[in-house]
Amino acid sequence: MSKKFKVGLVGATGVVGEKFIQLLTENNFPIEELRPFASERSLGQKIDAYNCEIQTLKDGCFDGLDMVFFSSGDEISLEWAPKAAAAGAYAIDNSAAFRMNPEHSLVVPEVNSDCLEKMNSAEVIANPNCSTIQLMLPLNALKPFGVSKVRVASYQAASGAGKQGIAELTEQAPNLNLSEHQAGVFTKPLAYNCIPHIGGFNDDDFTSEEFKIMNESKKILSLPDLKISAFTVRIPTLNTHAEAVWVTLDKDVSRDEVIAAFKKQDGLTTFENPREYDTPRDSNGKYNVSVSRIHKDLAEENTWILWVVGDNLLKGAALNGFQIAQKLVQLNKV
Ligand SMILES: NC(=O)c1ccc[n+]([C@@H]2O[C@H](COP(=O)([O-])OP(=O)(O)OC[C@H]3O[C@@H](n4cnc5c(N)ncnc54)[C@H](OP(=O)(O)O)[C@@H]3O)[C@@H](O)[C@H]2O)c1
C-alpha cells in the first residue's frame, strides 16, 4: 500500500488555507491525518473532508506530523515553523519570515527544485511572494538567452490581502455613493480605485511588496546581479494578479525562439497570438500562469514586453506550496 502522510495546516480558515484543503482533496493527496490550526476564533470548526476540527497552536502540537503548511502571517511562522521542523516535519511557509534568510531555501519547483534534493532532514522551506512566483516562470524560460534587466508593474487583486481584503471590496463595491467608502484593510478605498501602495514604504520609497519581488527574484533565479525594478498596484479585482513585464535579454532572439522557450516551461500557458490574452477573471482558478501580449519593445534593444497572469491564491501561494510537498514525496524526503 502506498504511504499516507500526516499533514498540519496552520491558517486553515484563511483564503490560502482553504485553497490548501481544496488542493489536497482534488489531487487525492494521500492523507492519514489532517491537523488544522487557526486562531481561538475558529476553535472547533469542522473540516468535513478530513473528519477533523480546528485546533489552536500549543507546545507539542506538531508531534508526529510529516509536513506542516503555514499561512498565518510572519509572526506566527517565525515562532512556530522552526518548532514544526524541530518536531521532524517539513515546514512549508507562505509568509515572508524566512524567504531572504540565506539558511532557508526559497522554492518555485519548476525553477529551483534542486534545493529540495539537497535536504537531508526536516527544515523550514519558504514559499515566495505571490507576485514573485508568477514572474519566475517566464523569466526562467528566458534565462538561457541571458536575462539582464527586468521591469515589472503589477495589478494585484483584493484577495492578496486575505479574507478581510475580499470582504472590504465586496462590501464597498455595491455602494455607488463613493464618499461613504472608508479606507480599512487598504490605505484608501479600493472599489472604483487603484492604489500604488502594497505593504509599508522603506527608506528608498519603494514598498515592501516591491522589494519582495526584486530581492526574491534574484535569489530564486540565482541571478544576484539582475537589474530588476518593480512597481506594485492594488486594483479592485477579487482574485488573480496580473503583471506588465519588460525583459531585456543579452541576445537578439527571434519571436519564435521566445515562444518556443515559453512553451517548454512547465507551469506556463503561452498565447502565441500577440493580440490574444488572459485577464485575471480568465485565469482565476487555473493552476498555470499565463504569458500573453508577447511583443518586442521599440524603445530598447533585445527587450520583450509580456503580460503575465496568475492566480495568487493557487500558484501564488497554496499550489506552489502543495507542489513543494509533492516534490518532497517524489524525492522520498518524507
Ligand atoms: N492571500 C494571498 O494571495 C497570499 C499569497 C501568498 C502568501 N500569502 C501569505 O499567506 C498567509 C495567509 O494569508 P491569507 O491571505 O490566507 O490570510 P487570511 O485569509 O487573513 O487568513 C489568515 C489565517 O491565519 C489564521 N490565524 C490568525 N491568527 C492566528 C493565530 N494566532 N494562530 C493560528 N492561526 C491564526 C486565521 O485564523 P482565523 O480564521 O481563526 O482568524 C486564518 O486562518 C500570510 O502570511 C500571507 O502573507 C498570502
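Residues numbered from 1 in each chain as written. Predicted model: local features only at pLDDT ≥ 70, side-chain atom pairs only at ≥ 80, totals over all residues. Heavy atoms only, no water.

Quick word on the nonpolar core
Alright, step 1. Ranked by internal contacts, the top residues of the largest apolar core, which has 52 residues, are Phe62, Phe70, Val247, Phe262 and Leu306.
Alright, step 2. Tallying contributions element by element places helix H5 (residues 130-142) first for this core, with 7 residues.
Alright, step 3. A domain-level breakdown of this core finds at least three residues from each of domain 1 (5-128 + 317-330) and domain 2 (131-312).
Alright, step 4. Once you skip the residues sitting within four places of it in the chain, leucine 306 turns out to touch Pro138, Glu243, Ala244, Val245, Val247, Phe262, Val291, Ser292, Arg293 and Ile294.
Alright, step 5. By size, the runner-up hydrophobic cluster in this structure holds 37 residues, among which are Phe20, Leu34, Met67 and Ala317. (Core = buried A, V, L, I, M, F, W, Y, C linked by side-chain atoms within 4.5 Å. Buried < 20%, exposed > 50% of the residue type's maximum accessible area, 1.4 Å probe, protein only. Helix = DSSP H or I, 4+ residues; strand = E, 2+ residues; numbered from the N terminus. Domains from an automatic or database assignment. Contact = heavy atoms within 4.5 Å.)

Observations concerning the site of the ligand
Alright, step 1. As a matter of local geometry, the ligand sits amid 26 residues, with Thr13, Ser39, Arg41, Ser42 and Lys163 nearest to it.
Alright, step 2. Within the backbone of valine 15, an N or O atom sits 3.0 Å from an oxygen atom of the ligand.
Alright, step 3. Between lysine 163 and the ligand, the recorded distance is 2.5 Å, taken from a side-chain N or O atom to an oxygen atom.
Alright, step 4. Taken atom by atom, the bulk of the ligand overlaps the largest pocket.
Alright, step 5. Those elements giving two or more residues to the shell around the ligand turn out to be helix H1 (15-26), helix H6 (162-172) and helix H10 (314-330).
Alright, step 6. Of the residues that constitute the shell around the ligand, the class distribution is 9 nonpolar, 15 polar and 2 charged.
Alright, step 7. There are two domains that each give the shell around the ligand at least three residues, and those are domain 1 (5-128 + 317-330) and domain 2 (131-312). (Near = heavy atom within 4 Å. Polar contact = N/O pair within 3.5 Å; in protein donor to acceptor, adjacent residues only side chain to side chain. 1 Å grid on protein atoms, 1.4 Å probe; cavity = no way out; pocket = protein on both sides within 12 Å on 5 of 7 lines; lining within 4 Å. Sits in = over half its atoms within 2 Å of the grid points. Nonpolar A, V, L, I, M, F, W, Y, C, P; charged D, E, K, R; others polar.)

Observations regarding the layout of surface pockets
Alright, step 1. For the largest pocket, the calculated volume is near 1,300 Å³.
Alright, step 2. Considering the residues around the largest pocket, the lining is formed by 47 residues, among which Ser72, Gly73, Gly160, Ala161 and Gly162 are closest to the centre.
Alright, step 3. Elements supplying a minimum of two residues to the lining of the largest pocket: H1, helix H2 (74-86), H6, helix H7 (208-221) and H10.
Alright, step 4. When grouped by side-chain class, the residues that make up the lining of the largest pocket number 18 nonpolar, 22 polar and 7 charged.
Alright, step 5. A domain-level breakdown of the lining of the largest pocket finds at least three residues from each of domain 1 (5-128 + 317-330) and domain 2 (131-312).
Alright, step 6. Each pocket or cavity is described by its volume, and for the second largest pocket that value is around 250 Å³. (Points joined across faces, edges and corners; volume = space filled by probe spheres on them.)

A word on the domain arrangement of the protein chain
Alright, step 1. The domains assigned to the protein chain are domain 1 (5-128 + 317-330) and domain 2 (131-312).
Alright, step 2. Each of domain 1 and domain 2 has a C-alpha centre, and these two points are 25 Å apart.
Alright, step 3. Across the boundary between the two partners, domain 1 contributes 21 residues, which contact 20 residues of domain 2.
Alright, step 4. Summed over both partners, the interface of domain 1 with domain 2 comes to about 1,600 Å²; 65% of that surface belongs to carbon and sulfur atoms.
Alright, step 5. Of all residues in domain 1, Val15, Glu110 and Val111 give up the largest surface area on contact with domain 2, accounting jointly for 30% of the area buried on that side.
Alright, step 6. Applying the counting criterion to the domain 1 and domain 2 interface returns 1 salt bridge.
Alright, step 7. As a salt-bridge pair, glutamate 216 and arginine 99 come within 3.2 Å of each other at their nearest N and O atoms.
Alright, step 8. Put simply, domain 1 and domain 2 have 8 residue pairs in polar contact (both at pLDDT 80 or more) between them. (Buried area = accessible area lost by both parts, 1.4 Å probe. Salt bridge = Lys/Arg side-chain N within 4 Å of Asp/Glu carboxyl O.)

What about the sheet that holds strand S9 (residues 227-234)?
Alright, step 1. Taken in spatial order, the 6 strands of this open sheet run S9-S8-S10-S13-S12-S11, and their pairing is mixed. What marks the edges here is a single partner per strand, and that holds for S9 and strand S11 (268-270). Within the sheet, the average angular offset between the axes of one strand and its neighbour, ignoring direction, is 20°.
Alright, step 2. Of the strand pairs in this sheet, strand S12 (residues 289-296) and strand S13 (residues 303-310) are connected by 5 bridges, and their pairing is antiparallel. By the bridge assignment, serine 292 is partnered in S13 with tryptophan 307. (Pairing = 2+ DSSP bridges. Axes fitted to C-alpha atoms, helices over the stretch in contact; angles between N-to-C directions.)

Description of the environment of lysine 296
Alright, step 1. Take lysine 296: it is sitting in strand S12.
Alright, step 2. Spatially, the C-alpha atom of lysine 296 lies 22 Å from that of threonine 132, the residues being 164 residues apart in sequence.
Alright, step 3. Setting aside anything within four residues of it in sequence, one finds lysine 296 in contact with Asp252, Val253, Thr303 and Trp304.

Description of the packing of aromatic side chains
Alright, step 1. Going through the model one piece at a time under the given rule, you end up with 8 aromatic pairs.
Alright, step 2. With a centroid separation of 5.6 Å and an interplanar angle of 65°, the aromatic rings of phenylalanine 29 and phenylalanine 322 are classed as edge-to-face. Placement of the pair is phenylalanine 29 in the loop between H1 and strand S2 (31-37) and phenylalanine 322 in helix H10, with a sequence separation of 293 residues. For the pair shown, phenylalanine 29 and phenylalanine 322 are each scored as buried.
Alright, step 3. Linked through ring pairs, Phe37, Phe62, Phe70 and Trp80 together constitute an aromatic cluster.
Alright, step 4. The ring of tryptophan 80 is capped by lysine 83, whose NZ or CZ atom sits 4.2 Å from the centre of that ring. (Phe/Tyr/Trp six-rings, centres within 6.5 Å; stacked < 30°, edge-to-face > 60°. Lys NZ or Arg CZ within 6 Å of the ring centre and 35° of its normal.)

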